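This is what each chain is made of:
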Amino acid sequence: MSPATYAFGIVAAVLALIAIIELMRRGTLRERHAVWWFVGGLLSLIIAVFPQTLTWTAKALGIAVPTNLVFFVAIGLLFLVSLQYGAELTRVEAKLRALAERAAFHEHRLEELEKRPEPRHGQPQDSTDGFDE
Amino acid sequence: MRPVDHSVLVVIPALNEEESVADVVRDVRLGIPSARCLVVDDGSSDRTGERARAAGASVLTLPYNLGVGGAMRAGFRFARSNGFSIVVQVDADGQHDPAAILQLIEGLSSADLMIGARFAGVGDYGVRGPRRWAMRALAALMSNVARTRLTDVTSGFKAAGPRAVALFADNFPAEYLGDTIEALVIAARAGLTIRQLPVAMRKRQAGTPSHHPIKAAAYLTRACAAFALAMIRPRARLETRS
């Protein structure tokens, strides 16, 4: 491996890590969404600095071409990230539904309150109690 | 116009604490009758909200669980929009002694943020082994940032003065460990004074802290990551609204 290739690998890995940390720093990326990207960035940095680790691990796992291990791990990470996004999306949808229901309940309650002719005594009980997500 | 002693808001974030929340509310109202007691029901599936309301607290019901950070953020925003200048955070599990609230508030005359510290010599708080070391290491780090000696940075028993309330209403973090570590870092870096007050803890009414070494290590790692991230984040500014 030429020194240029070696340096290129390290620079690319460091750039990726800087991008991830900068996004976290600005609050654009939440910690829990950054975990797998961060792990990927760290792994590529390790492999870029110590290429022997890659050949050694590939040999230990019985993989003939070490690059295939890189592809395997990369695809695995992408798989995990998209799986996490799917799960997160489902959670967000559930929360959104809960909020929409809550908004509808409040609107209904306001209408009921507006219909009342005389000034009321004592606050009515919160009708959204026992509300389930 | 609000009388001065009416401007204390006691915020109690509660998740499924129907057993203890009513007692905590009652103790708080006895301990400091002039304060308003706000229970933030953090998506409980039991009767926490109902019990708290029956005990005389105002209840803010969150539509789903937001975590302690999210609940406290709601509490600080409530305080700002309703003109409370002091916010005291008390856990709903009954481990904090409401009698110490007044002492915390008195401490606010010389500080912006008072922490009720569990390890500072009063009472016995049963955390031992790796988790305790993890908490000590964190305390050492935080003491450095806050430029004062802190021994318990993960305490959920805190009082925030007017400057801290103004800061937290805009910047309270809702991340994991945000309500403890990151909140303190934000306050310290914004130039607020942080002091601690040794307080005795009562027995937790339910649940025991874990002492597993691997869990403690994971906790310390996450806490240090949260701390490091909080340190490199852009500094929060204290807006002075007149």
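Quantities reported herein were computed from a predicted structural model and do not represent experimental measurements. (Residues numbered from 1 in each chain as written. Chains lettered and ligands numbered in written order. Predicted model: local features only at pLDDT ≥ 70, side-chain atom pairs only at ≥ 80, totals over all residues. Heavy atoms only, no water.)

**Digging into the overall build of chain B**
- Helix and strand content of chain B: eight helices and seven strands.
- Across the 242 residues of chain B, 53% fall into the buried class.
- Across chain B, the fraction of contacts at a sequence separation of at least 24, relative to all contacts at a separation of at least 6, is 77%.
- On chain B, roughly 10900 Å² of surface is accessible, and the fraction owed to carbon and sulfur atoms is 52%. (Helix = DSSP H or I, 4+ residues; strand = E, 2+ residues; numbered from the N terminus. Buried < 20%, exposed > 50% of the residue type's maximum accessible area, 1.4 Å probe, protein only. Contact = heavy atoms within 4.5 Å. Areas by Shrake-Rupley, 256 points an atom, 1.4 Å probe, with all protein chains shown as cover.)

**Considerations on the interface of chain A and chain B**
- Counting residues at the interface gives 15 residues for chain A and 12 residues for chain B.
- Both sides of the chain A and chain B interface together cover about 1400 Å² of buried area, and 49% of this is carbon and sulfur.
- At the surface where chain A touches chain B, the tally comes to one salt bridge.
- Salt-bridge contacts for Glu31(A) lead to Arg233(B); the nearest nitrogen and oxygen are separated by 3.8 Å.
- At the boundary of chain A and chain B, one finds four residue pairs in polar contact (both at pLDDT 80 or more).
- At four residues, helix H4 (residues 66-115) of chain A tops the list of elements feeding residues into the side of chain A that touches chain B.
- For the side of chain A that touches chain B, the residue count by class is five nonpolar, two polar and eight charged. (Buried area = accessible area lost by both parts, 1.4 Å probe. Salt bridge = Lys/Arg side-chain N within 4 Å of Asp/Glu carboxyl O. Polar contact = N/O pair within 3.5 Å; in protein donor to acceptor, adjacent residues only side chain to side chain. Nonpolar A, V, L, I, M, F, W, Y, C, P; charged D, E, K, R; others polar.)

**Topic: the side chain of Thr154(B)**
Residues and elements named next belong to chain B.
- Inspection of the secondary structure assignment puts Thr-154 in the loop between helix H5 (129-146) and strand E6 (158-160).
- A relative accessible area of 13% places Thr-154 in the buried class.
- If sequence neighbours within four positions are ignored, Thr-154 has contacts with Arg-118, Met-135, Thr-180 and Tyr-219.

**Let's talk about the confidence of the model for chain A**
Residues and elements named next belong to chain A.
- On average, residues of chain A score 87 in pLDDT, and 88% of them are at 70 or above.
- In the model of chain A, helix H2 (residues 31-49) stands out as the element of lowest mean pLDDT, 91, in contrast to H4, which has the highest, 94.
- Low pLDDT, under 50, characterises residues 125-133; the predicted model gives this stretch 20 contacts beyond four residues in sequence or across chains. (pLDDT = per-residue confidence, 0-100.)

**Some remarks on the nonpolar core**
All names here are of chain B.
- Ranked by size, the top nonpolar core spans 44 residues in total, and within it Phe-76, Leu-113, Leu-167, Phe-168 and Ile-194 carry the most contacts.
- Of all the secondary structure elements, the ones that give two or more residues to this core are strand E1 (8-14), strand E2 (36-41), helix H3 (67-81), strand E5 (113-117), H5, helix H6 (162-171), helix H7 (178-189) and helix H8 (213-232).
- With seven residues, H7 is the single largest residue contributor to this core.
- Not counting chain neighbours up to four residues away, the residues in contact with Leu-113 comprise Leu-108, Ala-159, Ala-160, Ala-164, Phe-168, Leu-184, Ala-187, Thr-193, Ile-194 and Arg-195.
- Formed by 33 residues, the second largest nonpolar core is a distinct cluster that contains Ala-14, Val-25, Leu-108 and Ala-111. (Core = buried A, V, L, I, M, F, W, Y, C linked by side-chain atoms within 4.5 Å.)

**Side note on the packing of aromatic side chains**
Residue and element names in this part refer to chain B.
- Counted by the stated rule, this structure contains four aromatic pairs over all chains.
- Between Phe-76 and Phe-172 the ring centres are 5.2 Å apart and the planes differ by 40 degrees, which places this aromatic pair in the tilted class. Note that Phe-76 is positioned in helix H3 and Phe-172 in the loop between H6 and H7, a separation of 96 residues in sequence. Each member of the pair, Phe-76 as well as Phe-172, carries the same accessibility label: buried.
- Members of the aromatic cluster, joined through ring pairs, are Phe-76, Phe-168 and Phe-172. (Phe/Tyr/Trp six-rings, centres within 6.5 Å; stacked < 30°, edge-to-face > 60°.)

**Digging into the packing of H3(B) against H6(B)**
Residues and elements named next belong to chain B.
- Orientation of H3 relative to H6, taken along the N-to-C sense of each, is 125 degrees, at an axis distance of 8 Å. The angle between the axes of H3 and H6 places the two elements in the oblique class. H6 is crossed by H3, and the crossing has left-handed handedness. On the side of H3, the interface is formed by Arg-73, Phe-76, Arg-77, Ala-79 and Arg-80, while H6 contributes Val-165, Phe-168, Ala-169 and Asp-170.
- Of the residues contributing to the contact of H3 with H6, the split by class is five nonpolar, no polar and four charged. (Axes fitted to C-alpha atoms, helices over the stretch in contact; angles between N-to-C directions. Parallel < 35°, antiparallel > 145°, perpendicular 65-115°, else oblique. Left-handed = near helix turned anticlockwise from the far one by under 90°.)

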